[in-house]
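# A structural walkthrough
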Amino acid sequence: MSVRQRTTFAPGSQPAPASAAPAMSTVNLAARQRMLSQRLVLQTVLAADHPLPHLDDARRTLALFSDSQARLTDTIRGMEPPAATALRAVYDGPRGVAALVDDFARCAADALDAIAAGSVRRAAAVAALVERNDGVLEALNRATSAFDGIDSARTASTVRELGDIVQAINRVAREAKVVSFNAQVMAARAGQHGREFAVVANVLSGITGQIDGLSVKAGQLVGAPH
């Protein structure tokens, strides 16, 4: 059974077309890799003694594992610094996540092929896969932590930006209140001739009140001062 070729992170390279699989966050996708790796080892060990139905189950799990890994590497290739730089530091290199995951997938494919062929080396192939279990699990834990750290940093950055926007809205609302008040004063001075102007001033006052209420709610959500 063939395994996807390892993807390198060449600068300026374009990510491959998105998979048709349902959208999933990178953190959840990386965490799912850990579950799939353990399921793959278990199904392969079971298939060594009872090929049916465990062999087909293991092949499907390997396909899911390889597809998920391809989606993660595509995601990294499409990221901008510094997120991409941080992830490449975790994924690249001879002991990086990418190398360990690729080696694990190749061993799984080799073991499944040996089992399917009834080869005398199937026991050794399965043993080689089991030996890599701890290493790939540790690598996938590192990957999950790296993606989680980037998502947390993005969330914090978004909250800061929203806080700045809320403060800007607050300034506009305060200025609009001043304009509305001045307009009401001028309308009162104009007497009968300022009635229509007074209506506009009152509408503006109502709008600024709504803006102020919404900005307070938004500020509470992001923790920004009002």
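Refer to the structure printed above.
Cut-off values and rules
- Residues numbered from 1 in each chain as written.
- Predicted model: local features only at pLDDT ≥ 70, side-chain atom pairs only at ≥ 80, totals over all residues.
- Heavy atoms only, no water.
- Helix = DSSP H or I, 4+ residues; strand = E, 2+ residues; numbered from the N terminus.
- Expected span 1.5 Å × (residues − 1).
- Salt bridge = Lys/Arg side-chain N within 4 Å of Asp/Glu carboxyl O.
- Buried < 20%, exposed > 50% of the residue type's maximum accessible area, 1.4 Å probe, protein only.
- Phe/Tyr/Trp six-rings, centres within 6.5 Å; stacked < 30°, edge-to-face > 60°.

All right, on to helix 6 (residues 133-190) then. For helix 6, spanning 58 residues, the distance from its first C-alpha to its last is 84 Å, which sits close to the expected 86 Å at 1.5 Å a residue. Positioned one or two residues after helix 6, Gly191 has a phi angle of 65°, which is positive.

Right, let's talk about the pattern of salt bridges for a bit. Enumeration over the complete set of coordinates arrives at 6 salt bridges. Residue Asp57 pairs with Arg60 through a salt bridge whose shortest N-O separation is 2.4 Å. One end of the pair, Asp57, and the other, Arg60, are both in helix 2 (residues 51-77), 3 residues apart, so they sit about a helical turn from each other. According to the relative accessible area criterion, Asp57 is partly exposed, its value standing at 23%. Of the charged contacts, one joins Glu138 and Arg142 as a salt bridge, the two residues approaching to 3.1 Å between their closest N and O atoms.

Okay, the packing of aromatic side chains next. Counted under the stated rule, the structure contains 2 aromatic pairs. Ring plane angle 75° and centroid distance 6.2 Å describe the contact between Tyr91 and Phe147, whose orientation is recorded as edge-to-face. Of this pair, Tyr91 sits in helix 3 (residues 83-91) while Phe147 sits in helix 6; the two residues are 56 residues apart in sequence, bridging distant segments of the chain. Phe147 matches Tyr91 in its accessibility class, with the two residues each being buried.

Attention now moves to unusual backbone geometry. Residue Leu52 is joined to Pro53 through a cis peptide bond whose omega torsion reads 0°. Mapped onto the elements, Pro53 comes out in helix 2. Across the junction of Pro81 and Pro82, the peptide omega takes the value 5°, indicating a cis bond. If you trace the backbone, Pro82 turns up in the loop between helix 2 and helix 3.

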